[in-house]
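Residue strings, one per chain:
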Amino acid sequence: MAVTLINVFSVPKGKEDEFVKWWQDVKANITTQPGFISGKFHKSLKPDSKFNFINVAMWENEDLYWKAYEKSAAPMKSKLEHMGAEMVPALYNVAFEY
């Protein structure tokens, strides 16, 4: 069953451009991983939002997502720590549609 990753980021002021450039590299890697379906990267319209960037991605299933995450987690966490950014990923299934 497909799952939705919603990954929110809190990026400090002044680091936004560096973060977006870095995310382009992340995107280039993650989109080649088995199980990746699609993704959208969002930037808050309000500069003072706690979570100013949000990544929403579809994965074929939870197992394939976690395998891709294991490959990329350590380097991602290191880079985010260097930037002073926070990442909070979670997987979701659709509860209902309206």
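Residues numbered from 1 in each chain as written. Predicted model: local features only at pLDDT ≥ 70, side-chain atom pairs only at ≥ 80, totals over all residues. Heavy atoms only, no water.

### Some thoughts on the packing of aromatic side chains
Following the criterion strictly, the structure yields 15 aromatic pairs and no others. Ring geometry for phenylalanine 19 versus tryptophan 22: centroids 5.7 Å apart, planes at 45 degrees, classification tilted. Placement of both phenylalanine 19 and tryptophan 22 in helix α1 (residues 16-30) is noted, with a separation of three residues, approximately one turn of the helix. Using a relative accessible area of 12% as the deciding quantity, one classes tryptophan 22 as buried. Aromatic pair phenylalanine 96 and tyrosine 98: ring centres 6.2 Å apart, planes at 50 degrees, arrangement tilted. For the pair phenylalanine 96 and tyrosine 98, a shared accessibility class is recorded, and that class is exposed. (Phe/Tyr/Trp six-rings, centres within 6.5 Å; stacked < 30°, edge-to-face > 60°. Helix = DSSP H or I, 4+ residues; strand = E, 2+ residues; numbered from the N terminus. Buried < 20%, exposed > 50% of the residue type's maximum accessible area, 1.4 Å probe, protein only.)

### Description of the side chain of threonine 4
Position of threonine 4 among the secondary structure elements: in strand β1 (residues 3-10). When residues no more than four places from it in sequence are discounted, the contact partners of threonine 4 are Val56, Ala57, Met58, Ala90, Leu91 and Tyr92. (Contact = heavy atoms within 4.5 Å.)

### Remarks on the confidence of the model for the chain
Looking at the chain, the pLDDT average stands at 94 and 100% of residues meet or exceed 70. By mean pLDDT, helix α2 (residues 62-83) is the weakest element of the chain at 91, and strand β3 (residues 53-59) is the strongest at 98. (pLDDT = per-residue confidence, 0-100.)

### So, the sheet that holds β1
The antiparallel open sheet is built from four strands, whose spatial order is β2-β3-β1-β4. The open sheet terminates on both sides in strands that have one partner only, identified here as β2 (36-43) and β4 (86-92). Between one strand axis and the next, the sheet turns by 15 degrees as a mean value, whatever way the strands run. With seven bridges joining them, β1 and β3 adopt antiparallel strand pairing. (Pairing = 2+ DSSP bridges. Axes fitted to C-alpha atoms, helices over the stretch in contact; angles between N-to-C directions.)

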